[in-house]
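# Structural overview for review
Letter by letter, the chains look like this.
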Amino acid sequence: MEIKLKNCRIKIVQGDITEQTVDAIVNAANPTLMGGGGVDGAIHRKGGNKILEECKQIRATLYPNGLPTGEAVITSGGNLKAKYVIHTVGPIWKGGNNREAEFLSKAYWNSLNLAKSRGLKSIAFPSISTGAYGYPIDKASVIALSTVKNFLEKENGLEEVIFVLFTAKDFEVYKQKASEIFSL
Ligand code: ADP
């Protein structure tokens, strides 16, 4: 599925984010920035040690207590096809009354803003928080899509935003929600 918004293409695909050829892929990291399971594990395995070394440097300098929820930092892409990895931390789902939506939106917005500030043109997102962090996919997809829409309506520079969904079910949910949000 492909949607045009100003000078940007928004794509929704099913696949593996570590295989994307883009300026930056986004990692659904945890505050330690030391790797983990899910997409985080896959990115560090394929990207190699350089990414972890840069994450350690970020911890040692900018964020000794870990990366706060909703914030984003950037490292190189190591051995990945992507030039950079933007690491962000989504919220853990605790029922919906703990500012989860606000923090999830911040994670997308700050990742987009970091990409834009570095002059990057293309960025790929996984479905942040909807794995181990338990955020319901129907709610998370609406936040992901509408935050990207709001960002692109306000800011220029990005030419391609790709949502990479790992499972067929998540892919279907994203396509359904996108057709509503972009009134297709
Ligand atoms: P979180 O802790 O933010 O929930 P997870 O990595 O557990 O992060 O899950 C986030 C999403 O990433 C899930 O929807 C999961 O299916 C997906 N995922 C796992 N591996 C990959 C991958 N290689 N490419 C894209 N998405 C992936």
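See the structure above.
My aim in this report is to walk through the structure given alongside it, one point at a time.

Cut-offs used in this document
- Residues numbered from 1 in each chain as written.
- Predicted model: local features only at pLDDT ≥ 70, side-chain atom pairs only at ≥ 80, totals over all residues.
- Heavy atoms only, no water.
- Pairing = 2+ DSSP bridges.
- Helix = DSSP H or I, 4+ residues; strand = E, 2+ residues; numbered from the N terminus.
- Axes fitted to C-alpha atoms, helices over the stretch in contact; angles between N-to-C directions.
- Contact = heavy atoms within 4.5 Å.
- Buried < 20%, exposed > 50% of the residue type's maximum accessible area, 1.4 Å probe, protein only.
- Polar contact = N/O pair within 3.5 Å; in protein donor to acceptor, adjacent residues only side chain to side chain.
- Expected span 1.5 Å × (residues − 1).
- Salt bridge = Lys/Arg side-chain N within 4 Å of Asp/Glu carboxyl O.
- Near = heavy atom within 4 Å.
- Areas by Shrake-Rupley, 256 points an atom, 1.4 Å probe, with all protein chains shown as cover.

Turning next to the sheet that holds strand β2 (residues 8–14). What the 7 strands build is an open sheet, ordered β1-β2-β7-β6-β3-β5-β4; its pairing is mixed. Only two strands of the sheet have a single partner each, and these edge strands are β1 (2–5) and β4 (72–76). On average, each strand axis in the sheet is inclined to that of its neighbour by 20°, with strand direction left out of account. Both strand β3 (residues 24–28) and strand β5 (residues 84–88) contribute to a ladder of 5 bridges, which runs parallel. Within the sheet, the bridge partner assigned to Ala24 lies in β5 and is Tyr84. Contacts between helix α2 (residues 49–61) and the sheet are confined to β4 and β5, with β4 contributing the most and set at about 140° to the helix.

Moving on to the side chain of Ser141. Locating Ser141 in the fold gives a position in helix α4 (residues 137–154). On the accessibility criterion, Ser141 (0% relative accessible area) is buried. Among the polar contacts listed, one links the side chain of Ser141 to the backbone oxygen of Asp138, at a separation of 3.0 Å. Excluding its chain neighbours within four sequence positions, the residues that come into contact with Ser141 are Val173, Tyr174 and Lys177.

A word on helix α3 (residues 100–117). The α-helix winds at 3.6 residues per turn, so residues separated by three or four positions along the chain end up facing the same way. Taking 1.5 Å per residue, 18 residues should reach 26 Å; α3 reaches 25 Å between its end C-alpha atoms and fits that length. Just beyond α3, the residue with positive phi is Gly119, at close to 75°.

Burial along strand β6 (residues 122–125) is two-sided: Ser122 and Ala124 facing one way and Ile123 and Phe125 facing the other are all buried. Across 2 bridges, β3 lies against β6 in parallel orientation. For Ala24, the partnering residue across the bridge sits in β6 and is Ile123. With 4 bridges joining them, β6 and strand β7 (residues 160–165) adopt parallel strand pairing. Within β7, the position partnered with Ala124 by the bridge is Ile162.

Glancing now at the pattern of salt bridges. Counted according to the given criterion, the structure contains 14 salt bridges. Across the pair Arg9 and Glu160 runs a salt bridge whose closest N-O atoms are separated by 3.3 Å. Of this pair, Arg9 sits in strand β2 while Glu160 sits in strand β7, and the two are 151 residues apart along the sequence. Glu160 gets classed as buried once you look at its relative accessible area, which sits at 11%. Taking the shortest distance from any N to any O, the salt bridge between Lys11 and Glu160 comes out at 2.9 Å. Of this pair, Lys11 sits in strand β2 while Glu160 sits in strand β7, and the two are 149 residues apart along the sequence. In this structure, a network of salt bridges that share partners links the residues Asp16, Glu19, Lys46 and Lys81.

This part covers α4. For α4, built from 18 residues, the straight-helix expectation of 26 Å at 1.5 Å per residue is met to within 8% by its first-to-last C-alpha distance of 26 Å. Considering only its buried residues, α4 is in contact with β1, β2, α3, β6, β7 and α5 (168–181).

Moving on, we come to the site of the ligand. As a matter of local geometry, the ligand sits amid 15 residues, with Asp16, Val39, Ser129, Gly131 and Ala132 nearest to it. A distance of 2.8 Å separates an oxygen atom of the ligand from a polar backbone atom of Gly131. A distance of 3.0 Å separates an oxygen atom of the ligand from a polar atom in the backbone of Tyr133. Within the complex, the protein chains bury 89% of what would otherwise be the 570 Å² of accessible surface of the ligand. For the shell around the ligand, the element with the most residues is helix α1 (residues 38–47), which contributes 3 residues.

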